[in-house]
Number of protein chains: 2
Amino acid sequence: MGYTISQVAEMTGITAHTLRFYDKQGLLPFVDRNKAGNRDFKESDLEWLAVITCLKKSGMPVKKIRQYVDWGMEGDVTLNQRLEVFETHKKVVMEKMAELDNYLKKIDDKIWYYKTAIDYGTAAIHSQTNCVWTDDEWRGTSFPSQSYADRSASLPAPT
Amino acid sequence: MGYTISQVAEMTGITAHTLRFYDKQGLLPFVDRNKAGNRDFKESDLEWLAVITCLKKSGMPVKKIRQYVDWGMEGDVTLNQRLEVFETHKKVVMEKMAELDNYLKKIDDKIWYYKTAIDYGTAAIHSQTNCVWTDDEWRGTSFPSQSYADRSASLPAPT
DNA sequence: CGTTGACTTAGAGCACACTCTAAGCTATAC
DNA sequence: GTATAGCTTAGAGTGTGCTCTAAGTCAACG
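Residues numbered from 1 in each chain as written. Chains lettered and ligands numbered in written order. Predicted model: local features only at pLDDT ≥ 70, side-chain atom pairs only at ≥ 80, totals over all residues.

1. With respect to the relation of the copies chain A and chain B
Keep this limit in mind: Alignment of the copies relies on least squares applied to C-alpha atoms, considering only residues that score at least 70 for pLDDT in both. Whether two residues are in contact depends on their C-beta atoms, placed from the backbone: they are in contact if these lie within 7 Å.
Overlaying chain A on chain B yields an RMSD of 0.0 Å, the required transformation being a rotation through 180 degrees with an accompanying axial translation of 0.0 Å. What we have between these two chains is a two-fold relation. Of the C-alpha atoms belonging to chain A, the one lying closest to the rotation axis is found on Met97(A), 3.1 Å away. Same-surface contact between copies: 100% of interface residues of chain A are shared with the interface of chain B.

Rendered as structure tokens:
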């Protein structure tokens with residue numbers, strides 16, 4: 001006797017609806033059933049679910065996770081494929097973090113922009129600001145341009 | 001004469017379809033039309049679009065961006081609201097990055113797991129591994145548990 | 001003056017990830 | 001033996017963000 005679907009829902013914060021959806025998508029082929037046909041989650045199933053949750057929450061689509069789980073069901077012959085899944089996904093996550101970090105800088109620039117505008121009472125103080133994005137910036141791959149904050153010195157004193 | 005929609009698409013990597021979709025959603029109320037009724041993007045419109053792209057790519061939903069744009073159209077009276085948009089969004093992005101960083105550690109653990117399993121020829125070497133997630137881990141808010149890598153020493157030597 | 005190409009619109013369709021409903025089964029409690 | 005609670009299923013519906021189609025307008029070129 002392991003856990004029922006609602007106990008797992010309670011433990012994980014994943015709704016029973018979503019757990020059944022994941023099962024239907026082939027993400028939980030390892031979960032057994034009891035005599036009544038109800039799902040019976042073992043401890044080892046929870047470990048699988050933890051890995052699935054990690055991949056899911058870090059942005060891997062359901063279909064790719066399914067591929068990984070399928071490989072897991074095949075046993076040791078797929079160890080290399082599964083390693084590659086994580087090595088590839090690591091790169092994806094790191095790139096996503098780098099991109100977010102770049103946007104964070106832009107957000108800080110805008111915070112500076114609005115704080116100074118509020119000081120002066122109008123955004124017109126920034127009217128000559130000529131903030132043109134590079135090709136890389138539009139595509140989120142790199143943000144080499146001067147920040148708003150660097151231009152702070154060029155503003156006149158508030159009245 | 002500014003830029004046509006396809007010139008902007010070319011410059012930004014955002015398709016003309018998507019630009020029209022954004023316009024329909026109220027994200028581009030500042031874009032004027034020429035005599036023929038075609039959109040005519042000015043430099044200042046591109047700056048708006050850069051800000052919208054930053055918010056979009058860092059995870060803000062279209063509806064929230066629309067609220068921000070609406071406030072922008074109202075002028076200086078909404079400077080404080082717009083500052084708050086960016087300050088709130090900054091927190092959201094930082095939390096997302098912290099969560100990704102935690103999942104990255106889990107991914108590294110799994111890379112270690114598969115690398116050692118490949119060394120030994122079987123994942124059975126990790127069979128006694130008892131990796132139970134805490135409540136926080138399931139919810140992605142904190143990852144305080146011991147990593148797989150810490151347990152490296154407890155493995156027997158490969159045969 | 002007709003063809004071409006780039007634009008316009010409304011609205012349909014799609015992909016993804018849930019989220020929920022309806023109908024039904026089963027084990028236990030009274 | 002029947003009420004209740006908790007599970008089961010298939011499948012419909014929702015929200016988000018595009019993505020595309022169809023039908024049409026318009027300006028310039030030859």
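2. Some details on the protein's contact with DNA strand D
For the record, the criterion: All residues are tested the same way: a C-beta atom is placed from the backbone, and lying within 6 Å of a molecule or strand makes the residue near it. Helix and strand labels come from DSSP, where a helix needs a run of H or I of at least four residues and a strand needs a run of E of at least two; each type is numbered from the N terminus. Amino acid classes used here: Ala, Val, Leu, Ile, Met, Phe, Trp, Tyr, Cys and Pro are nonpolar; Asp, Glu, Lys and Arg are charged; the rest, including Gly, are polar.
Around DNA strand D, the structure places 18 residues, and the nearest of them are Thr4(A), Ser6(A), Asn38(A), Arg39(A) and Pro61(B). Listing elements by their share of the surface near DNA strand D, those giving two or more residues are helix H1 (5–12) of chain A together with helix H2 (16–24) and helix H4 (62–74) of chain B. The element best represented in the surface near DNA strand D is H2(B), accounting for 3 residues. Residue composition of the surface near DNA strand D, grouped by class: 5 nonpolar, 8 polar and 5 charged.

3. Observations regarding the domain arrangement of chain A
Accessible area lost upon the coming together of the parts serves often as the stated size of an interface. All names here are of chain A. For clarity, the threshold we go by: Just so you know, the domain bounds were taken from an automatic or database domain assignment.
The domain boundaries assigned to chain A delineate domain 1 (1–60) and domain 2 (75–159). Here the C-alpha centre of domain 2 lies 37 Å away from the C-alpha centre of domain 1. Contact residues are listed per partner, giving 4 residues for domain 1 and 4 residues for domain 2. A class-by-class count of the residues in the side of domain 1 that touches domain 2 yields 2 nonpolar, 2 polar and no charged.

4. Focus: the protein's contact with DNA strand C
The full set close to DNA strand C counts 17 residues, and Pro61(A), Val62(A), Thr4(B), Ser6(B) and Arg39(B) are the nearest of them. Breaking the surface near DNA strand C down by element, the ones donating at least two residues are helix H2 (16–24) and helix H4 (62–74) of chain A together with helix H1 (5–12) of chain B. With 3 residues, the top contributor of residues to the surface near DNA strand C is H2(A). Among the residues forming the surface near DNA strand C, the class breakdown is 5 nonpolar, 7 polar and 5 charged.

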